[in-house]
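Descriptive structure summary
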Amino acid sequence: MASFRDLCFTPAEFATAAKISRDQISLLENEGLLKTVRRKVGNVDRKMITLEDMQAYFRNLRIGRHGDRMETPTGAEAAGPVINKLGFSPELPKHKVQMFYNVKGGTGKSTLTAQYVMRASMLGLNVLAIDLDGQGHLSVNLDVLDAHEHATIYDVLINDLPIENAIMNVGPGLDLIPANLGLCNIEIPLNNKTRREYRLSEAVARVAEHYDLIVADTNPAASILNGSMLVASDLVNVVCATNPLSFHGMSLVMTTIEQMEREFRKQLEVKIIPNMYDNREVISQEVLGELRAQFSENCTRAVVNRSADLNEATKRRTTVFDVNAKGSGSTDIQAMTEELLFN
Ligand SMILES: Nc1ncnc2c1ncn2[C@@H]1O[C@H](COP(=O)(O)OP(=O)(O)OP(=O)(O)O)[C@@H](O)[C@H]1O
Ligand SMILES: [Mg+2]
């Protein structure tokens, strides 16, 4: 079982991610825009693209397009015309600080946060993930099983630990502030702190320049910790399962966000991501229809279908692209990621 940092992609998987045809891969290699390695898969020696080479490819495209310094002194500099012909070259995210949120439990926040940050880092973005839930499910999804031995945001907000000391690396281009059960006790001490809702945004601001994207997974409550993350965020991604109770809770979620906007005099961009959709179920169709009718401006075009691959990815603590790059889970996460990053 490969962990995120050891991922390798077949040419077909790379071509899908880069939105190019497979024939273009040799052209990219000749131009010095893409590095491949030979790996034994079973008995066959195959051409593969490592995670780091995929990240370097996207990073170079982005930097090259904007005419800045190239990451590697390859033929990339001379590759202007090739770059212009290529399918997909990711920009910097429109909203740097984002959170996944819903006061209702079990809607898929941790699953989608984990898949989103891994996908964004595959696109060459430098990402910081923050686990704000004592259950530590984002940490587990990112293959951190010893979170109880690490500092958490509790130490930063309550014990004045510098935020840098709570950050661990979980893969190339992907850092994490993990969470453990101790974080469940943060509400009372945080309530007693001065400037309690600003402490998290001030801490995040101290490291923001090192990252292209900062994403938090939150606990299923209207807690002070979540309120602090609303103050820190530019974009709130509300994950709504396409079932009646999840839809019912949406008014409470939207009211909580509006209250925070008034209290802290800030405008938040809100996106609602329909999750666990099953087009064979009438109830799923009805809830998606209601969501789009009532929250037309906020609802994402991307819908995440219920998918065994996403559950399997959680079990294997890896990206869904490692489980089944061609399945609906991967297609949905790719569409969701692009929409949350660039729209
Ligand atoms: N699109 C999906 N298809 C299939 N299973 C999913 C999907 N999204 C989430 N799940 C599964 O649903 C369960 C709950 O997901 P998750 O833990 O991400 O929810 P959550 O909102 O973070 O929960 P909590 O509120 O407790 O933090 C997990 O077992 C996860 O694997
Ligand atoms: Mg969760």
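What counts as what
- Residues numbered from 1 in each chain as written.
- Chains lettered and ligands numbered in written order.
- Predicted model: local features only at pLDDT ≥ 70, side-chain atom pairs only at ≥ 80, totals over all residues.
- Helix = DSSP H or I, 4+ residues; strand = E, 2+ residues; numbered from the N terminus.
- Expected span 1.5 Å × (residues − 1).
- Contact = placed C-beta atoms within 7 Å.
- Near = placed C-beta within 6 Å.
- Nonpolar A, V, L, I, M, F, W, Y, C, P; charged D, E, K, R; others polar.
- Buried ≥ 20, exposed ≤ 12 C-beta atoms within 10 Å, placed from the backbone.
- Pairing = 2+ DSSP bridges.
- Axes fitted to C-alpha atoms, helices over the stretch in contact; angles between N-to-C directions.
- pLDDT = per-residue confidence, 0-100.
- Parallel < 35°, antiparallel > 145°, perpendicular 65-115°, else oblique.
- Left-handed = near helix turned anticlockwise from the far one by under 90°.

Brief notes about helix α12 (residues 250-263)
- A rise of 1.5 Å per residue sets the reference length of α12, with its 14 residues, at 20 Å; its end C-alpha atoms lie 20 Å apart and thus fit the reference within 8%.
- Considering only its buried residues, α12 is in contact with α10 (224-232), β9 (235-241) and α11 (244-248).
- Looking one or two residues beyond α12, the residue adopting positive phi is R265, at roughly 45 degrees.

Quick word on the site of ligand 1
- G105, G108, S110, T111 and P220 are the nearest of the 19 residues found near ligand 1.
- Elements that contribute at least two residues to the shell around ligand 1 include exactly α5 (109-122) and α14 (308-316).
- Its residues placed into classes, the shell around ligand 1 shows 4 nonpolar, 12 polar and 3 charged.

Comments concerning the environment of A147
- Along the chain, A147 falls in the loop between α6 (137-141) and α7 (153-157).
- What makes A147 buried here is the crowd of 23 C-beta atoms within 10 Å.
- Filtering out sequence-adjacent residues up to four positions away, A147 remains in contact with G136, S139, P178, A179 and N180.

Section: the pairing of strand β7 (residues 174-177)
- Neither face of β7 is exposed, since L174 and L176 on one face and D175 and I177 on the opposite face are all buried.
- One ladder, built from 4 bridges, connects strand β5 (residues 127-132) with β7; its direction is parallel. The partner of A129 across the bridge, within β7, is L176.
- The pairing of strand β6 (residues 168-171) with β7 spans 3 bridges and is antiparallel. Bridging from a neighbouring strand, N169 pairs with D175 of β7.
- What sits between the antiparallel neighbours β6 and β7 is a turn of 2 residues, in which G173 has the positive phi angle 70 degrees.

Quick word on the sheet that holds β9
- Taken in spatial order, the 7 strands make up an open sheet running β6-β7-β5-β8-β4-β9-β10, and their pairing is mixed. Where the open sheet ends on each side, the last strands, each with one partner, are β6 and β10 (269-275). If you compare each strand with its neighbour and ignore which way they point, the axes differ by 25 degrees on average.

Details of the confidence of the model for the chain
- Mean pLDDT over the chain stands at 92; residues scoring 70 or higher make up 93%.
- Predicted confidence is poor over residues 69-79, with pLDDT under 50, and the contacts of this stretch with residues over four places away or in other chains come to 24 contacts.

What about the pairing of strand β3 (residues 44-50)?
- Looking at chain direction, strand β1 (residues 8-9) and β3 are connected through 2 bridges and run antiparallel. Paired with F9 across the bridge in β3 is I49.
- Summarising the sheet, strand β2 (residues 37-41) and β3 pair through 5 bridges and their orientation is antiparallel. Looking across to β3, one finds that V37 is bridged to M48.
- Linking β2 back to β3 in an antiparallel pair, the connection comprises 2 residues, with G42 at a positive phi of about 65 degrees.

Observations concerning the packing of helix α9 (residues 199-207) against α10
- Where α9 contacts α10, the axes come no closer than 7 Å and their chain directions differ by 50 degrees. Comparing their axes, α10 and α9 come out oblique. When you trace α9 past α10, the crossing you get is right-handed. Within the contact between the two elements, α9 uses R199, L200, S201 and V204 and α10 uses S228, M229, V231 and A232.
- Looking at the contact of α9 with α10 residue by residue, the classes come out as 5 nonpolar, 2 polar and 1 charged.

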